[in-house]
Amino acid sequence: MAFASTHAGPSEVLISRKTSSPFLAAMANAAASHVAEQDDVHNGSVFHPATVVFPPALSCAQAIGASGEDLLVAAVAGYEVDIRVGKFLGRSHYKVFHTTGTAGTLAAAAAVGRLLKLNPEQMLNAFGSAGTQSAGLWEFLRDAADSKQLHTAHAASTGLMSALSCKHSGFTGAQHILEGKQGLAAGMTSDSDPSKLVDRLGARWALAETSFKYYASCRHTHPAADALLQVILANQLLHRAILQK
């Protein structure tokens, strides 16, 4: 965060209200937004969309002077891409990889690409460049390490960089980054399903399937938290009594 605030630019680092470059602002905001475990979540793709969509979209929108409407449309594009790619990668992917960090690179590229009005060829190249940088392993959990926020920071900033590169320099990326012989599916999953990418495309809005957390913790812990709350209410327990025990 401190590193981002030392570089001047048009994009805001939200936790300090200082400005920085779009790349560094996206990185800092994406990392900060994933700390409190209050992300929105899409169950089917096991994905936290907002943390990798809004930071790069906002930093780009501020840099180019985009309207609020443009920002929201870009966010919708990012949501649709990340959820669909997450579903495509399947549950075997999630066993090892943090899907928000991996598919999140393409989500960020989609949101920023929409703001930059990339044409279809440019967007495909942006996806290729973003996808080849997909990263995020669950191994950090075994050490209770701090690396989780790096996943969202990396996804947001590299997705933004990929879209900008295609817009301004004609940078090319892999044309089959998802389903290619050495693409994401080949290297990161054993149960990919290409049909998930286009499931009712144009009629089904995956964004509407997202939800918000009741508790500031991993969504997998929420059933246990609900059960504990029921026990507390049923027995009229006070937190002081629990601490004393």
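As shown above, the structure is provided for reference.
Residues numbered from 1 in each chain as written. Predicted model: local features only at pLDDT ≥ 70, side-chain atom pairs only at ≥ 80, totals over all residues. Heavy atoms only, no water.

Undergrad: Could you clarify how one ought to interpret the overall build of the protein in this entry?
TA: Within the protein, the secondary structure is distributed over 11 helices and 4 strands. The C-alpha radius of gyration of the protein comes to 19 Å, within 12% of the 18 Å expected for a compact globule of 245 residues. Overall, the C-alpha framework of the protein stretches about 65 × 45 × 35 Å when taken along its three principal axes. Counting over 245 residues, the protein shows a buried share of 44%. Accessible surface computed for the protein: about 12,500 Å², of which carbon and sulfur atoms make up 60%. Looking at charge distribution, the protein has the averaged site of its 19 positive side-chain charges lying 4 Å from that of its 18 negative ones. (Helix = DSSP H or I, 4+ residues; strand = E, 2+ residues; numbered from the N terminus. Rg over C-alpha atoms; globule rule 2.2 N^0.38 Å. Buried < 20%, exposed > 50% of the residue type's maximum accessible area, 1.4 Å probe, protein only. Areas by Shrake-Rupley, 256 points an atom, 1.4 Å probe, with all protein chains shown as cover. Lys, Arg positive; Asp, Glu negative; His and termini not counted. Charge placed at Lys NZ, Arg CZ, Asp CG, Glu CD.)

Undergrad: Explanation requested: the packing of helix H3 (residues 50-64) against helix H6 (residues 104-115) in the structure shown.
TA: Axes are the key here: two packed helices are described by the angle between their axes and the distance separating the axes. Put simply, H3 and H6 touch, their axes get as near as 8 Å, and they point 25 degrees apart. Considering their axes alone, H3 and H6 lie roughly parallel with respect to each other. Considering only the axes of H3 and H6, their crossing is right-handed. Contacts between H3 and H6 involve Val52, Val53, Pro56, Ala57, Cys60, Ala61 and Ile64 from the former and Gly104, Ala107, Ala108, Ala111, Val112 and Leu115 from the latter. (Axes fitted to C-alpha atoms, helices over the stretch in contact; angles between N-to-C directions. Parallel < 35°, antiparallel > 145°, perpendicular 65-115°, else oblique. Left-handed = near helix turned anticlockwise from the far one by under 90°. Contact = heavy atoms within 4.5 Å.)

Undergrad: Just to check I follow, could you spell out helix H8 (residues 148-169) for this structure?
TA: Since the α-helix advances by 3.6 residues per turn, residues separated by three or four positions end up pointing in the same direction. With 22 residues, H8 extends 31 Å from end C-alpha to end C-alpha; this agrees with the ideal 32 Å at 1.5 Å per step. Residue Gly170 follows H8 closely and has a positive phi angle near 70 degrees. (Expected span 1.5 Å × (residues − 1).)

Undergrad: How should H3 be read in this particular structure?
TA: Counted at 1.5 Å a residue, the expected span for H3 with its 15 residues is 21 Å, and the 21 Å between its end C-alpha atoms agrees. Gly65 sits one or two residues past H3 and shows a positive phi near 70 degrees.

Undergrad: Looking at this structure, I do not really get the packing of H6 against H8. What am I missing?
TA: Where H6 contacts H8, the axes come no closer than 7 Å and their chain directions differ by 45 degrees. Viewed along their axes, H6 and H8 adopt a mutual orientation that is oblique. With respect to the hand of their crossing, H6 and H8 are arranged in right-handed fashion. Of the residues in H8, those in contact with Gly104, Thr105, Ala108, Ala109, Val112 and Gly113 of H6 are Ala155, Ala156, Thr158, Gly159, Leu160 and Ala163. Looking at the contact of H6 with H8 residue by residue, the class counts come to 7 nonpolar, 5 polar and no charged. (Nonpolar A, V, L, I, M, F, W, Y, C, P; charged D, E, K, R; others polar.)

Undergrad: Can you walk me through unusual backbone geometry in this structure?
TA: As a rule of thumb, non-glycine residues mostly have phi less than zero, and peptide bonds are mostly trans rather than cis. One non-glycine residue, Glu37, lies in positive phi territory at about 60 degrees. Summarising the element assignment, Glu37 is placed in the loop between helix H2 (22-32) and strand S3 (40-41). Phi is positive for Arg200, close to 50 degrees, though the residue is something other than glycine. Tracing the backbone shows Arg200 in the loop between helix H9 (184-188) and strand S4 (211-212).

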